[in-house]
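One-letter residues, chain by chain:
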Amino acid sequence: MPGKTLAELLQELERKEATVTAGGGEKAVKKQRSSGKLTARERIALLLDQGSFEEMDLFLEHRSTRFGMGEKHVPADGVVAGFGTIDGRAVCVYSQDFTVMGGSLGEMHAKKICKVMDMAVRIGAPVIGINDSGGARIQEGIDSLSGYGQIFYRNTRASGVIPQIAIIAGPCAGGAVYSPALMDFVFMIEKTSKMFVTGPQVVKAATGEEVSAEDLGGARTHATKSGVAAFTAVSEEECFALVRHFLSYIPSNNSEDPPFLENDDPPDRENPDLFHVVSPNPNKPYDMKKVVLEIIDKGSFLEVLPDYARNVVVGFARIGGHSVGIIANQPYHLAGCLDIDAADKASRFIRFCDAFNIPLLTLVDVPGFLPGSHQEFGGIIRHGAKVLFAYSEATVPKITVIVRKAYGGAYLAMCCRDLGADLVMAWPTAEIAVMGAEGAVDIIFRRELEKALDVDAEREKLLAEYREQFYNPYEAAKRGYVDQVIHPKHTRRKVVRGLELLWSKREIGRGKKHGNIPV
Ligand code: HXC
């Protein structure tokens, strides 16, 4: 620059940087803090490895002129974007700055987000979006909407190629919710996050219903009722730590294997307590999480959606250092039946694991699909089919352990041999049957029961016969549907061996455009 010394040029750069990085200014930052929120840059600093953040497009500016925007300086256009590392691995990140026009999204704000997303796909790194925004920047009209459209398009095209993580760290309303919804996992922070398609005022105007923002779209609501929030945290700090921990289970992209993390839990550790956890009495519930925790490497379970559709437990873990995705029926809730919500929860998790080369371990204790008109009217046929589809489509190593009940269609849905399980093991407590004894006896022995002099005694006799025939793993083992009947105490060792055997499994796709999963 003619007429300026190098020192002056550097001062100018520093001055410009300082102006932009101050965000919306002191007053707005104070307001942000008084709502219990960190600033966009503080969030990135906490999320990434210390000092690793490289910011892009710091000086990018909007080019809107209407509603006084021509004269308005909008620092960094309300979003901080760039790349850095987490545990030394590259990630791309953006963080909306609520102190700048409420983090609202206009044309250039969207361009910044799209740029880091494109970078993430090119280099094969996860993208993490921190959302804190009043939504589409109203002054920019259709250009704001177009910005969202471009992000949704990229979210969809990048799905299954790189992991996409959404952190909701403030409001996220209207159509803006659909970018997080298209990503793989949504993290929410209690009291801070609010997520809804239509806010409380609109709900009241449209329906007369009065509901608070927290009840309508807070972290608890989405973790328990809607199933939108896979993970919740009590503070921003806890949330960022959780995201970092989550990433330790997954690869950076779909052509990498997940990280292998050695630990000091012996792969051949026996599980003598397992026999006491599971009751052979089919009517006695137990906590399947105890089984999970016993089999996996100590302390390695990261449960996904722990408070939603609790009749199925899903989550990431390590077994012998290998990352695995666990899907397990939970007899503690709805007797472990599969219902609409459980089917959605399980199938989405299975598809994520399959997309990112994470082997599946399925623990089965399922009496069937949940009966009832509510389930039928809600489309349990469509939803249940997703589980069948997801397992059948999955080409990652699939190991199934039948712990107790495995009845009917639900037995098939829980990754049976016929859906492509690579290894099926069963405990001696396994009961693999078309249906439970009570229902079966009433159907197949209806005539005998009608004729019986002592119906109850006859029924008891027939039930005992049926149980003797089918309440065991040996009928299935005789036909090769079960590969091994194992002592529960050897479960961990056998799963580790299975994972090691299957590590080299490669199944080539069918060359079709894509399947048509029932939605
Ligand atoms: C432009 C916005 C904005 C927006 C907030 N601001 N939202 N500017 N476009 N969408 C500005 C405010 O004018 C204010 O500017 C500053 O951000 C902070 O906002 P406050 O209202 O003072 O903050 P707060 O009281 O905390 O309320 C937060 C809020 C509220 C609940 C998010 O701002 C709000 O209701 N905003 C509008 C939400 C909305 O309806 N958005 C459009 C949705 S439609 P000053 O200069 O005063 O500091 C949509 C469609 C997307 O998003 C479709 C995608 C397909």
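Now for a look at the structure at hand. Not measured: the values here are computed from a predicted model.

Describing the overall build of the protein chain
A tally of regular secondary structure across the protein chain gives 21 helices and 17 strands. Out of the 519 residues belonging to the protein chain, those deemed buried represent 51%. Restricting to contacts in the protein chain with at least 6 residues of sequence separation, those with at least 24 account for 74%. Accessible area for the protein chain stands at about 23,900 Å²; split by element, carbon and sulfur atoms hold 55% of it.

Re the site of the ligand
Within the structure, the ligand sits among 16 residues, and Lys31, Gly102, Gly134, Ala136 and Ile138 are positioned closest to it. Lys31 has a polar side-chain atom sitting 3.0 Å from an oxygen atom of the ligand. Taking Gly134, its main chain carries an N or O atom lying 2.6 Å from a nitrogen atom of the ligand. Compared with its free state, where it exposes 1,000 Å², the ligand has 49% of that area covered by protein. Counting residues per element, the shell around the ligand draws most heavily on helix H5 (residues 142-158), at 3 residues.

Description of the packing of helix H3 (residues 40-47) against helix H10 (residues 236-247)
Relative orientation and spacing of two packed helices are given, respectively, by the angle between their axes and the distance between those axes. Where H3 contacts H10, the axes come no closer than 9 Å and their chain directions differ by 45 degrees. Between H3 and H10, the crossing angle belongs to the class labelled oblique. Crossing of H3 against H10: the hand is right-handed. Contacts from Arg43, Leu46 and Leu47 in H3 reach Glu236, Glu237, Phe240, Val243 and Arg244 in H10. A class-by-class count of the residues in the contact of H3 with H10 yields 4 nonpolar, no polar and 4 charged.

Rules behind the numbers
Residues numbered from 1 in each chain as written. Predicted model: local features only at pLDDT ≥ 70, side-chain atom pairs only at ≥ 80, totals over all residues. Heavy atoms only, no water. Helix = DSSP H or I, 4+ residues; strand = E, 2+ residues; numbered from the N terminus. Buried < 20%, exposed > 50% of the residue type's maximum accessible area, 1.4 Å probe, protein only. Contact = heavy atoms within 4.5 Å. Areas by Shrake-Rupley, 256 points an atom, 1.4 Å probe, with all protein chains shown as cover. Near = heavy atom within 4 Å. Polar contact = N/O pair within 3.5 Å; in protein donor to acceptor, adjacent residues only side chain to side chain. Axes fitted to C-alpha atoms, helices over the stretch in contact; angles between N-to-C directions. Parallel < 35°, antiparallel > 145°, perpendicular 65-115°, else oblique. Left-handed = near helix turned anticlockwise from the far one by under 90°. Nonpolar A, V, L, I, M, F, W, Y, C, P; charged D, E, K, R; others polar.

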